[in-house]
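# Chains, contacts and geometry: an overview
Letter by letter, the chains look like this.
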Amino acid sequence: MADSLNPLDLLVKSQQAALRLTTDVLRTVRDTAVTGVTQPDQLAQQVGELAGAVAGMATAVTGIAGATAQPLQDFIVRQRELADTVHTLAEAQAELAGVVAKLAERHAEAVAALEKVTAPVFAIVGTEPTAPKTRAARKTAAAKADGRPPASR
């Protein structure tokens, strides 16, 4: 049944159990101090009960640690796996970005060549080519204005 609990719920329940055991031990210590003064014969019995409560608390804490350790370990392992997957995705995206950048560079070169071929036609007709409206086209136009080839942006 412990496997079906959420690790955080299990941790909260374990903390509540530890708090109850601690409260019981402190109550027994208080009662033992009062009894030691008023009824010395009860003192030995209460010291035994206190030892039993402390042993019970140690057993409970060990059980709590065992019950919470495995789900937390599983969670950590899943987080490591997720980190590896994200890293793999980042590498793949970096490779894809390189491919897309190369494609964009080649496309810009093709557009520049096409502009060189069509420029005389536009000059004969007496019209100017329509200015592009995209960010990449504005960069190409700016590069032309600076006298650089479009591929060297």
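Residues numbered from 1 in each chain as written. Predicted model: local features only at pLDDT ≥ 70, side-chain atom pairs only at ≥ 80, totals over all residues. Heavy atoms only, no water.

### Focus: the overall build of the protein
The helix and strand tally for the protein stands at three helices and zero strands. Reading the protein from its N end, one meets helices and strands in the order α-α-α. Sequence separation of 24 or more characterises 49% of the internal contacts of the protein that already satisfy a separation of 6 or more. Element-wise, carbon and sulfur atoms account for 65% of the exposed surface of the protein, whose accessible area totals about 11,600 Å². (Helix = DSSP H or I, 4+ residues; strand = E, 2+ residues; numbered from the N terminus. Contact = heavy atoms within 4.5 Å. Areas by Shrake-Rupley, 256 points an atom, 1.4 Å probe, with all protein chains shown as cover.)

### Digging into the pattern of salt bridges
This structure, assessed with the given rule, holds two salt bridges. When the shortest N-O distance is used, the salt bridge between arginine 78 and glutamate 81 registers 3.0 Å. With a gap of three residues between them, arginine 78 and glutamate 81 both fall in helix 2 (residues 40–125), about one helical turn apart. Note on arginine 78: relative accessible area 45%, which makes it partly exposed. (Salt bridge = Lys/Arg side-chain N within 4 Å of Asp/Glu carboxyl O. Buried < 20%, exposed > 50% of the residue type's maximum accessible area, 1.4 Å probe, protein only.)

### Points about a nonpolar patch on the surface
A grouping of Leu96, Val99 and Val100 is seen on the molecular surface, where their side chains present a nonpolar patch of about 280 Å² in accessible area. With respect to the helices and strands, the residue leucine 96 is situated in helix 2. (Patch = residues over 30% accessible without salt bridge, like charges linked within 9 Å, V, L, I, M, F, W, Y side chains within 5 Å.)

### A closer look at helix 3 (residues 135–146)
Its 12 residues give helix 3 an end-to-end C-alpha distance of 17 Å, which sits within 8% of 16 Å, the value for a rise of 1.5 Å per residue. Taken together, the buried positions of helix 3 are Ala137, Thr140 and Ala143. For helix 3, the buried positions fall inside an angular range of 120° around the axis, keeping them on one side. Of the exposed residues in helix 3, the ones pointing more than 90 degrees away from its buried face are Arg135, Ala145 and Asp146. Among the residues trailing helix 3, glycine 147 stands out with phi positive, at a value near 85°. (Expected span 1.5 Å × (residues − 1). Arc of directions from axis to C-beta.)

### Re the confidence of the model for the protein
Taken as a whole, the protein shows an average pLDDT of 74; of its residues, 62% reach a score of 70 or greater. The weakest mean pLDDT in the protein belongs to helix 1 (residues 7–38) at 68; the strongest belongs to helix 2 at 79. (pLDDT = per-residue confidence, 0-100.)

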